[in-house]
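Coordinates in review
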Amino acid sequence: MKPKPNRRQTMKKLIPISVWAFYFCMVFPKIALAAPGEDLPTPNLFGTFWALVPPLVAIVLALITKEVYSSLVIGIIVGGVLASNGIFEVGMRNVLENGIVPVLSDSYNVGILIFLVILGSIVAMMNKSGGAAAFGRWAFKHIKRRQGAECLSVVLGMLIFIDDYFNCLTVGSVMRPITDKFHVSRAKLAYIIDATAAPVCIIAPISSWAAAVTSNVPEDQNGFLIFLQAIPYNYYALLTIVMLFFIIFSRMDYGKMKLHENNAAHGDLFTEGERVVPEGAEEEKDNGKAIVMDMLLPVFVLIGLCIIGMIYTGGFFGGTGIIDAFANCDASLGLVVGSFFAILFAIIYYMARRSMKFTECMGCLVDGFKAMVPAILILTFAWSLKGVTTALGAREFVGGLMSNAPSSLAIFIPVIVFLVGVGLAFSTGTSWGTFGILIPIVVAIFPDDPKMMVIAISACMAGSVCGDHCSPISDTTIMASAGAQCNHINHVNTQLPYALTVAAVSAVTYIIAGFVKNPIICLIIGVALMIGVLMVIKKKVGVDDEVELDR
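Here we summarise the structure given alongside this text. (Residues numbered from 1 in each chain as written. Predicted model: local features only at pLDDT ≥ 70, side-chain atom pairs only at ≥ 80, totals over all residues. Heavy atoms only, no water.)

Quick look at the side chain of Gln495
As a reminder, the rule being used: Secondary structure is summarised from DSSP: a helix means a run of H or I of at least four residues, a strand means a run of E of at least two, and numbering begins at the N terminus for each. Whenever a nitrogen or oxygen atom comes within 3.5 Å of another N or O atom, the pair is scored as a polar contact, on the condition that within protein one atom can donate a hydrogen and the other can accept it, and that pairs from neighbouring residues in sequence are kept only if both atoms are in side chains. Throughout, a residue-residue contact means that at least one pair of heavy atoms, one from each residue, lies within 4.5 Å.
Positionally, Gln495 belongs in helix H24 (residues 488-516). In terms of polar contacts, Gln495 uses its side chain to reach the side chain of Asp194, at 3.0 Å. Not counting chain neighbours up to four residues away, the residues in contact with Gln495 comprise Tyr191, Asp194 and His469.

See below:
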């Protein structure tokens, strides 16, 4: 006799069905078709709050059902409904022409997908050759405590500051075998990866994020100089790193992360039995002949070649300075160029070492693609959702709100920009899109007050990263889940309390910054507040003695 489905399972099935029924029965009184090739009409709801509804629907459904794919698809469909003006054909064209089709034909997005597949193939080679197992043996001999494994993950994440995608997948691939041996939950590893990806990239002058911020500053301003001046005011990024080290060394976790860590101490790294290793992903093999360099050398070559690839696309070898080369680089193309030559090196290296045959290397190409299919699907749907949201005028809606802010609130503009950035990045899942919307507005608000402009721009950057951390449809959050091979919703749920804690302290610090306008004093106050809040939380939840197991 089959067990009766519980109420939650029934709701999971009814929610998508209800949305589809609403879509077809309530919204489309007209089935009239426009002429082929005719431009899509401007949505009647363009530039209104409804522009933020599709991503909010996707986020709420993902958190309720813990099923990402259908939630994103439903969000895209809702966006098509809202942009349809009541005509079925217009709604479907919005879904396709503003969503799925353009994101898969965009050269930047395709470059990221190619990079994912190549990186997945290199990881498969590392595992099949025994390199990952050899590195795990070395680390197990030299790292005596789980804190050491976590700290090594943090240090590696901070060293790979060039690009957040590259950071997430590389740190995850290298550190998974080590953190597994020390019973660090996959949710904790995903948090460490995410906390050292965007927060580190957004304060690194030489990174794809620095280039994105600089490119959004109007030409009459020195974008790179503003970026440098904004670093000490980027409280969310800086305080996230402070919190990360505090949690590791104090052995304190809270929220759902505490449950995951306690379960990991007893061997369940995934919690709820959700082992998320994609079909086709190569398991770590140990042939006893592999050496540590079988893993480290391909990683070092990959890092070096990706850096060279990025500055190449920025014109470095044509005489452009290295700073300008990074500022003008095409991060997507640079990662593809670097990873392409890196996988050629890996194939030659493993064949020369006789760790793998040529046919086995070619088999790893297929395994790498299979391992990255979940991340590719989620990214594709998330990008499509952003496209539909843009077509509904999310940029114009938020821009209008900000530009109409009263001048009497000038001192509070940094915290307002921070909170708006959090909400916008959370709703749309994009930090870079948030930069593009808010930075020009901030520059226009403070034409004669350079210091407040810098503080407000830093608040925009910090809010964008914070919202990106909180959002289940963020590509960086998706990449962190893929790098740790962690259930995506588990990662979002366990990271959310940590991100909101830092966000609250950052908001208070931005209020202080509006009055004090001194980067050093404000940063000291922010760090003191952060540690004070964490000490209070630690006193309330206690120390995770159960998970502090020396091995």
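That covers the picture; the talk isn't over yet.
What about a nonpolar patch on the surface?
As a reminder of what qualifies: For patch detection, residues must exceed 30% relative accessible area and be free of salt bridges, and they are connected within 9 Å for like charges or within 5 Å for nonpolar side chains (Val, Leu, Ile, Met, Phe, Trp, Tyr). Only the protein chains shown count as cover for residues, and all accessible areas are computed by the Shrake-Rupley method using a 1.4 Å probe. By definition here, a salt bridge exists when the distance from a side-chain nitrogen of Lys or Arg to a carboxyl oxygen of Asp or Glu is within 4 Å.
Together, Ile308, Tyr312, Phe316, Phe317, Ile322 and Ile323 line one region of the surface with nonpolar side chains, adding up to about 560 Å² of accessible area. When residues of the nonpolar patch are traced back to their parent elements, those giving at least two are helix H15 (293-313) and helix H16 (322-327). Among the secondary structure elements, Phe317 is positioned in the loop between H15 and H16.

Details of the packing of aromatic side chains
The geometry of an aromatic ring pair is captured by the separation of the ring centres together with the interplanar angle, meaning the angle of the planes. Note the cut-off: Pairing of aromatic side chains here covers Phe, Tyr and the six-membered ring of Trp, requires ring centres within 6.5 Å, and sorts the geometry by plane angle: under 30 degrees stacked, over 60 edge-to-face, intermediate tilted. Throughout, exposure labels follow a simple rule: accessible area from a 1.4 Å probe, protein chains only, divided by the maximum for the residue type, with under 20% read as buried, over 50% as exposed, and the rest as partly exposed.
Applying the stated rule across the entire model yields twelve aromatic pairs. Aromatic side chains Tyr312 and Phe317 sit 6.5 Å apart centroid to centroid with 45° between the ring planes, which places their arrangement in the tilted category. Summarising the aromatic geometry, the rings of Tyr349 and Tyr350 are spaced 5.4 Å apart at their centres and angled 65° between planes, so their arrangement reads as edge-to-face. Tyr350 matches Tyr349 in its accessibility class, with the two residues each being buried. Among the aromatic residues, ring-to-ring pairing joins Tyr233, Tyr235, Phe418 and Tyr510 into one connected group.

Here's the deal with the environment of Val422
Within the secondary structure layout, Val422 lies in helix H20 (residues 413-428). What makes Val422 buried here is its relative accessible area of 18%. Measuring from C-alpha to C-alpha, the distance between Val422 and Ala503 comes to 8.7 Å, with 81 residues separating the pair along the chain.

Things to note about the nonpolar core
The condition is simple: Side-chain atoms within 4.5 Å link the members of a nonpolar core, which is a set of buried Ala, Val, Leu, Ile, Met, Phe, Trp, Tyr and Cys residues.
Of all hydrophobic cores here, the largest spans 145 residues; its most connected members are Met125, Ile202, Met243 and Phe418. Among the elements that make up this core, the one with the highest residue count is helix H22 (residues 450-470) (13 residues). In this structure Phe418 touches Tyr236, Ala459, Ala462, Gly463, Ala503, Ser506, Ala507 and Tyr510, once residues within four positions along its chain are discounted. Ranked by size, the runner-up nonpolar core spans twelve residues in total, among them Leu72, Ile378, Phe381 and Ile478.

Examining the packing of helix H7 (residues 146-159) against helix H8 (residues 164-181)
Counted only if it meets this: Note on definitions: angles span 0 to 180 degrees between N-to-C directions of axes, and those axes are lines fitted to C-alpha atoms, for helices only across the stretch in contact. Roughly parallel here means an angle under 35 degrees, roughly antiparallel means over 145, roughly perpendicular means 65 to 115, and every remaining angle is called oblique. By the definition used in this description, the sense in which the near helix is turned from the far one sets the handedness, with an anticlockwise turn below a right angle giving left-handed and a clockwise turn giving right-handed. The residue classification treats Ala, Val, Leu, Ile, Met, Phe, Trp, Tyr, Cys and Pro as nonpolar and Asp, Glu, Lys and Arg as charged. All others, Gly included, are polar.
Direction vectors running N to C along H7 and H8 enclose 160°, while the axes themselves pass 10 Å from each other. Between H7 and H8, the angle falls in the class roughly antiparallel. Helix-helix and strand crossings are classified by hand; for H7 and H8 the assignment is right-handed. Where H7 abuts H8, its residues Ala149, Leu152, Ser153, Leu156 and Gly157 lie against Asn167, Val171, Val174, Met175, Ile178 and Thr179. Each residue belonging to the contact of H7 with H8 can be placed in one class, and the counts come to seven nonpolar, four polar and no charged.

What to know about the pattern of salt bridges
Taken as a whole and assessed by the stated rule, the structure comprises seven salt bridges. The salt bridge involving Glu261 is made with Arg146; its shortest N-O contact spans 2.4 Å. Pair noted here: Glu261 is in helix H14 (residues 256-265) and Arg146 is in helix H7, with a separation of 115 residues, a long-range link. Like Glu261, the residue Arg146 is buried in the burial classification. The partner of Lys188 in a salt bridge is Glu261, and the shortest N-O contact between them spans 3.5 Å.

Focus: the layout of surface pockets
Applicable threshold: Site definitions follow a grid-based scheme: protein atoms alone, a 1 Å grid, a 1.4 Å probe that fits but cannot get out for cavities, and for pockets an open set with protein on both sides within 12 Å along at least five of seven lines, plus lining residues having an atom within 4 Å of a point. Grid points are joined across faces, edges and corners, and a volume is the space filled by probe spheres set on the points.
By volume, the second largest pocket is sized at about 650 Å³. What lines the second largest pocket is a set of 29 residues, among which Trp383, Lys386, Thr430, Trp432 and Gly433 lie closest to the centre. Listed by contribution, the elements that provide at least two residues to the lining of the second largest pocket are helix H4 (88-105), helix H5 (107-129), H8, helix H18 (358-391), helix H19 (394-403), H20, helix H21 (431-445) and helix H23 (475-484). Broken down by class, the residue content of the lining of the second largest pocket amounts to eleven nonpolar, eleven polar and seven charged.

Some details on the environment of Ile202
Looking at the element boundaries, Ile202 is found in the loop between helix H10 (198-201) and helix H11 (208-216). Judged by relative accessible area, Ile202 falls into the buried class, the value being 0%. A sequence separation of 262 residues divides Ile202 from Ser464, and the C-alpha atoms of the two residues are 9.9 Å apart. With residues near it in sequence (within four places) discarded, Ile202 still touches Trp209, Val213, Phe227, Asn234, Ala237, Phe435, Met461 and Val465.

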